[in-house]
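Tertiary structure, described
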Amino acid sequence: GACLLAASRITRSPRLMLEAVGVGRALACVQTANGGWKDAAPSSEHCTASDFPTTVKAVETLDDGSVPAALYFLFELSDRFAELSIEQPAWLGRTIDRALNFSVNAQLENGAWPQSLVARPGYHEFATLNDDTTTGMMRVLIAAHARIGNDAHLDAARRGGEFLLRAQGGGG
């Protein structure tokens, strides 16, 4: 999606913009009820209405930068609509809002983020620095705060920073 969007900007191609919008719509369509995404997305074939309901029930992942990547793309897509003076589809703002709420709500009490939200015991639910999980979530929430001004985003990023300082131990 991000490549299609960048190419549409450079070439001014409406076709590439439409393809990027299709990727954004697919992301919105497979977003979970909590506002996250599964590690393997289901088909978006069930999304035929313009205002599709949230029907995906699944265990969400924060692994491999999935949530920040989706949000950065959706931010860029929103920006592109504004650049073109085109009203963005209602689903786009809702998808962003739900993903940001998910990002704040998925934060662990200690300030970090887990690899995934799981129903079974294991390492997935513990604080995760691997694959840029915690630091990636912090960066996207800082970017969201700069865009939207919601202090909950900045507060969550700060809690993540405090976790990182504690995780380093006393020696810094």
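Above this note sits the structure.
Now for a quick tour of the structure. Because the structure is predicted, anything quoted here is derived from the model rather than measured. (Residues numbered from 1 in each chain as written. Predicted model: local features only at pLDDT ≥ 70, side-chain atom pairs only at ≥ 80, totals over all residues. Heavy atoms only, no water.)

**What to know about the pattern of salt bridges**
- Using the criterion set out here, one finds 7 salt bridges in the structure.
- A salt bridge links E76 to R9; the shortest N-O distance between them is 3.0 Å. A residue pair is termed long-range when its members are at least 10 positions apart, and E76 in helix 3 (residues 66–83) and R9 in helix 1 (residues 2–11) qualify at 67 residues.
- E76 sits in the partly exposed class, given a relative accessible area of 35%.
- The partly exposed category is assigned to R9, whose relative accessible area is 27%.
- Here R80 makes a salt bridge to E83, at a shortest N to O gap of 2.9 Å. Linking R80 with E83, this pair stays in helix 3, spanning 3 residues, or about one helical turn.
- For R80, a relative accessible area of 10% corresponds to the buried category.
- With relative accessibility at 44%, the residue E83 sits in the partly exposed group.
- A single network of salt bridges, built from pairs that share partners, joins R9, E76, R80 and E83. (Salt bridge = Lys/Arg side-chain N within 4 Å of Asp/Glu carboxyl O. Helix = DSSP H or I, 4+ residues; strand = E, 2+ residues; numbered from the N terminus. Buried < 20%, exposed > 50% of the residue type's maximum accessible area, 1.4 Å probe, protein only.)

**With respect to the packing of helix 2 (residues 14–29) against helix 3**
- For the pair helix 2 and helix 3, interaxial distance at closest approach is 11 Å and the crossing angle is 135 degrees. Here helix 2 lies oblique to helix 3, going by the angle between them. With respect to the hand of their crossing, helix 2 and helix 3 are arranged in left-handed fashion. Across the interface between the two elements, M17, A20, V21, V23, G24 and L27 from helix 2 touch A70, F73, L74, L77, R80 and F81 from helix 3.
- Of the residues assigned to the contact of helix 2 with helix 3, the class counts are 10 nonpolar, 1 polar and 1 charged. (Axes fitted to C-alpha atoms, helices over the stretch in contact; angles between N-to-C directions. Parallel < 35°, antiparallel > 145°, perpendicular 65-115°, else oblique. Left-handed = near helix turned anticlockwise from the far one by under 90°. Contact = heavy atoms within 4.5 Å. Nonpolar A, V, L, I, M, F, W, Y, C, P; charged D, E, K, R; others polar.)

**With respect to the packing of aromatic side chains**
- Counted under the stated rule, the structure contains 1 aromatic pair.
- Geometrically, the ring pair formed by Y72 and F75 is edge-to-face, given 6.4 Å between the ring centres and 80 degrees between the ring planes. Linking Y72 with F75, this pair stays in helix 3, spanning 3 residues, or about one helical turn.
- Look at Y72 and you get partly exposed, because its relative accessible area is 33%. (Phe/Tyr/Trp six-rings, centres within 6.5 Å; stacked < 30°, edge-to-face > 60°.)

**A closer look at the environment of L92**
- The residue L92 is located in helix 4 (residues 90–105) in this model.
- A sequence separation of 15 residues divides L92 from L77, and the C-alpha atoms of the two residues are 8.4 Å apart.
- If near-sequence neighbours (up to four positions away) are discounted, L92 is found in contact with L74, L77, S78 and F81.

**A closer look at the nonpolar core**
- Of all hydrophobic cores here, the largest spans 33 residues; its most connected members are W37, L71, L77, W113 and L141.
- For this core, the secondary-structure elements that each account for two or more residues are helix 2, helix 3, helix 4, helix 5 (133–148) and helix 6 (151–168). (Core = buried A, V, L, I, M, F, W, Y, C linked by side-chain atoms within 4.5 Å.)

**Here we look at helix 2**
- Look at helix 2: 22 Å from first C-alpha to last across 16 residues, which is about the 22 Å you get at 1.5 Å a residue.
- Listed in full, the buried residues belonging to helix 2 are M17, A20, V21, G24, L27, A28 and C29.
- Where helix 2 is buried, its residues contact helix 1, helix 3 and helix 4. (Expected span 1.5 Å × (residues − 1).)

**Structural notes on the side chain of T133**
- With respect to the helices, strands and loops of the structure, T133 is situated in helix 5.
- Of the residues examined, T133 reaches a relative accessible area of 2% and is grouped as buried.
- In this structure, T133 is in contact with L62, D63, W113, P114 and T128, ignoring residues within four places of it in sequence.

**Describing the side chain of T134**
- For T134, the location among the structural elements is in helix 5.
- On the accessibility criterion, T134 (0% relative accessible area) is buried.
- Within polar-contact distance, the side chain of T134 engages the backbone nitrogen of W113 at 3.1 Å.
- Excluding residues that lie within four positions of it along the chain, T134 makes contacts with A112, W113, T128, L129, F163 and L164. (Polar contact = N/O pair within 3.5 Å; in protein donor to acceptor, adjacent residues only side chain to side chain.)

It is worth stressing that arrangement in space is one thing and function is another; only the former is reported here.
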